[in-house]
Amino acid sequence: MNKIYTDGLIFDMDGTIWDNTPVFAPSWQRACKDMGYNVEFTPDLLKTLFGKTMTEIADACIPDEDSNKRYATLKLCEEYEMNDLAKSDVDTTYQGLAAVLKELKKRTKLFIVSNCQSGYIETFLERSGLGYLFDDFICYGDNGLGKADNIKALAAKNQLKHPVYIGDIQGDKDACDKAGVDFIWAAYGYGKSVDGYVAKVNDIKELGGIIDGI
């Protein structure tokens, strides 16, 4: 596989860095029940939803014409999932993540851009103990902007000349196209296919063999 040279590797979260769906499915189901909805959530269903913005997820899975109640329900889902994650001692990161991040950090800067809620990235950084490896991060919950705009904003803020994004779903690829950055497909994640990429990795540990700094 050809080397990819970058001055900033930007990571997606769910399906790329970790997989919390086994923890979150019961959280979401409990939250919806408490809001009066009979909606069944499974890890596989959540994998089809994660990667979208939180409002898009609410519109897709909460069966109510009242948008305010849909969004309030999803807020409760977020609250329950974060509480349950805090109580869980299960390592939900993909195997080999820590070692490959430490290796990559020697070659280039590392970042995170996600469509998640505020506090979610910080939870990962603290929970994993890997926060010291990342130079910056931003998410939809911080400013209400989608992934493409946040990729561009982060690149501009950190003066990146050739950032590369790694994500697992078509929505990540679409955001990269809009932002004008190269896309690496994390094929081990939630997405079944994407329509193009500069590299494909079937295991996160493969990143160590293809990324180099410029």
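Criteria and cut-off values
- Residues numbered from 1 in each chain as written.
- Predicted model: local features only at pLDDT ≥ 70, side-chain atom pairs only at ≥ 80, totals over all residues.
- Heavy atoms only, no water.
- Pairing = 2+ DSSP bridges.
- Helix = DSSP H or I, 4+ residues; strand = E, 2+ residues; numbered from the N terminus.
- Right-handed = clockwise from strand over helix to strand, strands pointing away.
- Buried < 20%, exposed > 50% of the residue type's maximum accessible area, 1.4 Å probe, protein only.
- Arc of directions from axis to C-beta.
- Contact = heavy atoms within 4.5 Å.
- Axes fitted to C-alpha atoms, helices over the stretch in contact; angles between N-to-C directions.
- Parallel < 35°, antiparallel > 145°, perpendicular 65-115°, else oblique.
- Nonpolar A, V, L, I, M, F, W, Y, C, P; charged D, E, K, R; others polar.
- Expected span 1.5 Å × (residues − 1).
- Polar contact = N/O pair within 3.5 Å; in protein donor to acceptor, adjacent residues only side chain to side chain.
- Phe/Tyr/Trp six-rings, centres within 6.5 Å; stacked < 30°, edge-to-face > 60°.
- Left-handed = near helix turned anticlockwise from the far one by under 90°.

*Asks:* Lay out the pairing of strand β4 (residues 136–139) in plain terms, naming residues and giving numbers.
*Replies:* Two strands pair when backbone bridges link them, and strand β3 (residues 110–114) and β4 are joined in this way by four bridges, in the parallel orientation. Note that in β4 the partner of Ile112 across the bridge is Phe137. Chirality of the crossover, the property in question, places the unit of β3, helix α6 (residues 120–128) and β4 among those that are right-handed.

*Asks:* Outline helix α5 (residues 97–105), supporting the account with residue identities and numerical values.
*Replies:* For α5, the set of buried residues is Leu97, Val100, Leu101 and Leu104. Within α5, the buried residues cover an arc of 100° as seen down the axis, which keeps them to one side. In this fold, the buried residues of α5 make contact with β2 (8–11), β3, α6 and β8 (211–213).

*Asks:* Go over the packing of helix α4 (residues 67–87) against α6, please, and point to the residues and values.
*Replies:* Interaxial distance between α4 and α6 falls to 12 Å at its minimum, and their mutual angle equals 5°. Relative to α6, α4 is oriented roughly parallel. Of α6, the residues touching α4 (which contributes Glu81, Met82 and Leu85) are Tyr120, Thr123 and Arg127. Counted by class, the contact of α4 with α6 contains three nonpolar, one polar and two charged residues.

*Asks:* An account of α4 is needed here, citing residue identities and associated values.
*Replies:* With 21 residues, α4 ought to run about 30 Å at 1.5 Å a step, and its terminal C-alpha atoms sit 30 Å apart, in line with that. Measuring from the side-chain oxygen of the N-cap residue of α4 to the backbone nitrogen of Asn68 gives 3.0 Å; that N-cap residue is Asp66.

*Asks:* Can you lay out the packing of aromatic side chains for me, pointing to particular residues and giving the numbers?
*Replies:* Geometry of an aromatic ring pair is reported as the spacing of the ring centres plus the angle between the planes. Under the counting rule described, the total for this entry stands at ten aromatic pairs. Seen from their ring centres, Phe24 and Tyr120 are 6.2 Å apart, and the 50° between their planes marks the pair as tilted. With Phe24 in helix α1 (residues 21–34) and Tyr120 in helix α6, this residue pair connects regions lying 96 residues apart in the sequence. There is no split in this pair, since Phe24 and Tyr120 are both buried.

*Asks:* Would you mind going over the packing of helix α3 (residues 54–61) against α4 in detail, with residue names and values included?
*Replies:* Here α3 crosses α4 at 110°, and the two axes come no closer than 9 Å. In this view, α3 runs roughly perpendicular relative to α4, as classed from their interaxial angle. Crossing of α3 against α4: the hand is right-handed. Of the residues in α4, those in contact with Met54, Thr55, Ile57, Ala58 and Asp59 of α3 are Arg70, Tyr71, Leu74 and Glu78.

*Asks:* So what about unusual backbone geometry? Which residues, and what values?
*Replies:* Notably, Gln159 is not glycine yet its phi reads approximately 55°, a positive angle. Its location among the elements puts Gln159 in the loop between α8 (147–157) and β5 (163–167).

*Asks:* Describe in detail the pairing of β2, supporting the description with residues and values.
*Replies:* On any regular strand, side chains alternate: one points to one face of the sheet, the next to the other face. The alternating pattern of β2 places Gly8 and Ile10 and Leu9 and Phe11 on opposite faces, both of which are buried. Here β2 pairs with β5 via four bridges, running parallel. Paired with Ile10 across the two strands is Tyr165, which belongs to β5. Alignment of β2 against β3, held across three bridges, turns out to be parallel. Of the residues in β3, the one forming a bridge with Leu9 is Leu110.

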